[in-house]
Amino acid sequence: MTTLNQITTQVDSIKSDIVNVHSKLKEKVKTLGIDVLDNDKLLDIINKIPSVVDMGETYKEVWKFSNAGIINSVAVDSDGNVYSGCDDRTVKKTSPAGKEVWKFSNAGSINSVAVDSKGNVYSGGYDRTVKKTSPAGKEIWAFTGNASWVNSIAVDSKGNVYSGGYDYTVRKISQEGKEIWKFKEHEASVSSIAVDRDGNVYSCSRNPYYQEFKKINNEGKEVLSLNFSQNIIISIAVDKDSVYIGGSMIKKLNNNNCEEIWRFEGNTDTVYSVTVDNYGNVYSGGRDKTVRKINSEGKEVWKFSNIDTIDSVAVDDYGNVYIGGHDKTVKKIEQMKILGIVKN
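Throughout, a residue's number is its position along its own chain's written sequence, starting from 1. Only residues with pLDDT of 70 or above have their local features reported here, since the model is predicted, and side-chain atom pairs are shown and tallied only from 80 upward, although totals for entire chains, interfaces and linings are computed over all residues. Only hydrogens and water are set aside; all other atoms, that is, all heavy atoms of the structure, feed into the side-chain values.

A few words on the overall build of the chain. In this description a helix means any DSSP run of H or I spanning at least four residues, a strand means any run of E spanning at least two, and both kinds are numbered starting from the N terminus. Assigned secondary structure in the chain consists of three helices and 28 strands. For the chain, buried positions account for 55% of its 344 residues. Here, two residues are considered to be in contact whenever any of their heavy atoms come within 4.5 Å of each other. Long-range pairs, those at least 24 residues apart, make up 43% of the contacts in the chain between residues at least 6 apart in sequence. The classification of residues rests on relative accessible area computed with a 1.4 Å probe and restricted to protein chains. Under 20% of the type maximum is buried, over 50% is exposed, and intermediate values are partly exposed.

This next bit is on the packing of aromatic side chains. Each aromatic ring pair is specified by the distance between its two centres and by the angle formed by the two planes. The pairing test for Phe, Tyr and Trp rings, Trp by its six-membered ring, is centres within 6.5 Å, and the orientation test on the planes gives stacked under 30 degrees, edge-to-face over 60, and tilted for anything in between. One pass over the full model with this rule turns up ten aromatic pairs. Between Trp63 and Tyr322, the ring centres sit 6.4 Å apart and the planes meet at 50°, which makes this aromatic pair tilted. Here the residue Trp63 occupies a position in strand β1 (residues 51-66), and Tyr322 occupies one in strand β27 (residues 321-325), the gap between them amounting to 259 residues. Assigned by exposure class, Trp63 and Tyr322 land together as buried. Plain terms: the ring middles of Tyr283 and Trp302 are 6.4 Å apart, the flat faces sit at 50° to each other, and that makes the pair tilted. Of this pair, Tyr283 sits in strand β23 (residues 282-286) while Trp302 is found in strand β25 (residues 300-305), placing the two residues 19 residues apart along the sequence. Since its relative accessible area comes to 0%, Tyr283 is described here as buried.

The rule for a salt bridge is simple: a side-chain nitrogen of Lys or Arg has to be within 4 Å of a carboxyl oxygen of Asp or Glu. Tallying each qualifying case throughout the model produces 15 salt bridges. Residue Lys92 is joined to Asp88 by a salt bridge in which the shortest nitrogen-to-oxygen separation is 3.2 Å. Judged by its relative accessible area of 6%, Lys92 falls in the buried class. Residues joined in a network through salt bridges with shared partners are Asp127, Lys131 and Glu139.

It is worth spelling out the sheet that holds β23 at this point. The four strands are arranged β22-β23-β24-β25 in an open sheet whose pairing can be described as antiparallel. Edge positions in the open sheet fall to β22 (271-276) and β25, since each of these has one partner strand only. Each adjacent strand pair in this sheet contributes to an overall mean axis angle of 15°, direction not counted. Bridge count between β22 and β23: five bridges; the pairing is antiparallel. Among the inter-strand pairings, Thr275 is bridged to a residue of β23, identified as Tyr283. Whether two strands pair depends on DSSP finding at least two bridges between them. To get an axis, a line is fitted to the C-alpha atoms, and for a helix only the part in contact is used. The angle between two axes follows their N-to-C directions and goes from 0 to 180 degrees.

To continue, consider the pairing of strand β13 (residues 179-183). Relative to β13, strand β12 (residues 170-173) runs antiparallel, the two sharing four bridges. Bridging across to β13, Val170 finds its partner in Phe183. Between the antiparallel neighbours β12 and β13 lie five residues, among them Gly177 with a positive phi of about 90°.

Once that is clear, we can look at the environment of Thr290. Considering the arrangement of structural elements, one finds Thr290 in strand β24 (residues 290-294). Separated by 14 residues in sequence, Thr290 and Phe304 have C-alpha atoms that sit 5.5 Å apart. Those residues in contact with Thr290 that lie beyond four places of it in its chain are Ser284, Gly285, Lys303, Phe304 and Ile310. Identification of polar contacts relies on pairs of N or O atoms within 3.5 Å, with a donor-acceptor requirement for protein atoms, meaning one able to donate a hydrogen and the other able to accept it, and with residues adjacent in sequence counted only if both atoms are side-chain atoms. A polar contact of 3.0 Å, which involves the side chain of Thr290, links it to the backbone oxygen of Asp288.

What follows deals with unusual backbone geometry. Positive phi, normally seen in glycine, also occurs at Arg128, with a value near 65°. One can find Arg128 in the loop between β7 (121-125) and β8 (130-133). In this structure, Cys258 is a non-glycine residue whose phi angle is positive, near 60°. You can see Cys258 is positioned in the loop between β20 (250-254) and β21 (260-264). Here Cys258 falls in the buried class, since its relative accessible area comes to 5%.

Let us now look at the side chain of Lys293. Looking at where Lys293 falls in the secondary structure, it is placed in strand β24. Lys293 sits in the buried class, given a relative accessible area of 2%. In this structure the side chain of Lys293 is engaged in a polar contact, spanning 2.8 Å, whose partner is the side chain of Glu57.

This part takes up the sheet that holds β13. Here four strands make up an open sheet; going across it, the order is β10-β11-β12-β13 and the pairing antiparallel. Only two strands of the sheet have a single neighbouring strand rather than two, namely β10 (150-155) and β13. Going from strand to strand, the sheet's axes swing by 20° on average, the running direction of each strand aside. Bridge analysis of strand β11 (residues 161-165) against β12 gives four bridges, and the strand direction is antiparallel. Within the sheet, the bridge partner assigned to Val161 lies in β12 and is Ile173.

This part covers the pairing of strand β26 (residues 310-315). With respect to burial, β26 is a largely interior element, six of its six residues being buried. Joining the antiparallel neighbours β26 and β27 is a turn of five residues, in which Gly319 adopts a positive phi near 85°.

This is the structure:
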């Protein structure tokens, strides 16, 4: 399957060829010893060749899958299967066509889900456990070392799991379900965590006075800490060289020293979820009931209006966007390029 970004690259190449066809034809004719500028009829023929115009992007809702409760978290695997964690105490796997594959019941509301490259699913919530579930929906292990409920889950390329929760702690858990280390330097509940390809963990917490943002290395040691007195931070995402935070606004940070690259303030209410695709496009959802696509330069590309608050956003390798929230549904949104033909 071809990704939206690959299509964009192909379209740009085709468009360039068609736009440049006028000059290319003139050069070709010139090699035959004919001066196009002195031949009005030939010049008119060449100039009437149509051009392709890139008219931007649009989207459409492909399907929606209804749940019994609010969707707190969504994740998607490399095959387009979608996983949702819900306050009805279930994790559900949904096929790329929007059909339920299986349902895993939990003892409490699910706050966060993540999926690894092998299709194993990780979940955490109000029962204070982190659970690993097989691609078939069977429990593999349960980690019960949390002192309070789990707010956020992430998994790295090696299958190590990271959790952050109401006990002010970030934990690294092995693929066998054993605690490797715990980081206890937050002064409030950890609301979101993300892990980069080098195993560095980014976490945020919120107390009545300021928001804490921390970078932790793969050995569980603090690398840096930032305090934001004015900006709410609720969600974190990472790619190969940047960190993205969402809350009162969206910011792109350098992942080395976490200096701000750009900020986007176009949301009309609090952002609850941010995610990023393989090309640096950012997708956000929140209390303003809107999904926004923001390009790598921090400019809005499009926005999709939902009927209620959006609690979680995910994107797959093909540019399809998945959202879940207060309307108790998971939705799949497909992106499309708009092309126009201009007759000269």
